[in-house]
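Reading the structure
The primary structure of each chain is shown beneath.
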Amino acid sequence: MSTIKDLHHTDEPVQETGTYICAAGKREELKEGEQFPVCPNTNAPTTWRHEDHIHNTGDRVTEAGTYGDEDKDEVELAQGDTFPSCPKSGQSTTWKHA
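Residues numbered from 1 in each chain as written. Predicted model: local features only at pLDDT ≥ 70, side-chain atom pairs only at ≥ 80, totals over all residues. Heavy atoms only, no water.

**Re the overall build of the protein**
Where we set the bar: Helix and strand assignments follow DSSP, with helices taken as H or I runs no shorter than four residues and strands as E runs no shorter than two, numbered in order from the N terminus. Note that the radius of gyration is over C-alpha atoms, with the globule rule given as 2.2 Å times the number of residues to the power 0.38.
When helices and strands are tallied, the protein shows zero helices and eight strands. Along the chain direction, N to C, the helices and strands of the protein fall in the order β-β-β-β-β-β-β-β. The C-alpha atoms of the protein give a radius of gyration of 14 Å, which matches the 13 Å a tight globule of 98 residues would have. Dimensions of the protein, computed from the C-alpha atoms along their principal axes, are close to 40 × 25 × 25 Å.

**Focus: the side chain of His 50**
To be explicit about the condition: N or O atoms closer than or at 3.5 Å make up a polar contact, with two conditions inside protein: a donor-capable atom paired with an acceptor-capable one, and, for residues adjacent in sequence, both atoms drawn from side chains.
The topology assignment puts His 50 in strand E4 (residues 47-50). Polar contacts involving the side chain of His 50 include one to the main-chain amide nitrogen of Asp 52, which spans 3.1 Å.

**As for the sheet that holds strand E8 (residues 94-97)**
Filter applied, for reference: Each pair of strands is called paired provided DSSP finds at least two bridges between the two strands.
Spatially, four strands are ordered E5-E8-E6-E7 in an open sheet, and the strand pairing comes out antiparallel. Whereas interior strands pair on both sides, the edge strands pair on one side only; in this sheet they are strand E5 (55-56) and strand E7 (74-77). Of the pairings in the sheet, the one linking strand E6 (residues 65-69) to E7 comprises four bridges and is antiparallel in character. Bridge assignment links Thr 66 to a residue of E7, and that residue is Glu 76.

**Considering the pairing of strand E2 (residues 18-22)**
Our working rule: Throughout this description, buried means an accessible area under 20% of the type-specific maximum (1.4 Å probe, protein chains only), exposed means over 50%, and partly exposed covers the range between.
A large share of E2 lies buried, amounting to five of its five residues. Remark: four residues form the turn of the hairpin made by E2 and strand E3 (residues 27-30), two consecutive strands paired antiparallel; Gly 25 in that turn has positive phi of roughly 95°.

**What to know about the environment of Tyr 67**
Heads up, the rule is: Here, two residues are considered to be in contact whenever any of their heavy atoms come within 4.5 Å of each other.
Within the element layout of this structure, Tyr 67 appears in strand E6. Assessed through its relative accessible area of 0%, Tyr 67 is described here as buried. The spatial distance from the C-alpha of Tyr 67 to the C-alpha of Gly 90 is 16 Å, given a sequence separation of 23 residues. With near-sequence residues (within four places) excluded, Tyr 67 lies in contact with His 55, Val 61, Asp 73, Glu 74, Val 75, Leu 77, Phe 83, Trp 95, Lys 96, His 97 and Ala 98.

Take a look at the structure:
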């Protein structure tokens, strides 16, 4: 099982400019050097993941949501689930937030 990668917390410095998604699913454009903000929904500290972060079959799901694979198949996954194999081929694949 993989460890959590590229998970950032409120007040940590942004290392890479881009679109990030908070644990509540809200997207924010952040620039390198800024600090990760609080959740736009709750105004409380949260975690952020880069929108283009890729997950592999077998990785643990750290944020619930809809994910798409290389074939554009979409699955709804809950936190703690494991990223599945490709629904069409049954082979290992990569997943991104849909």
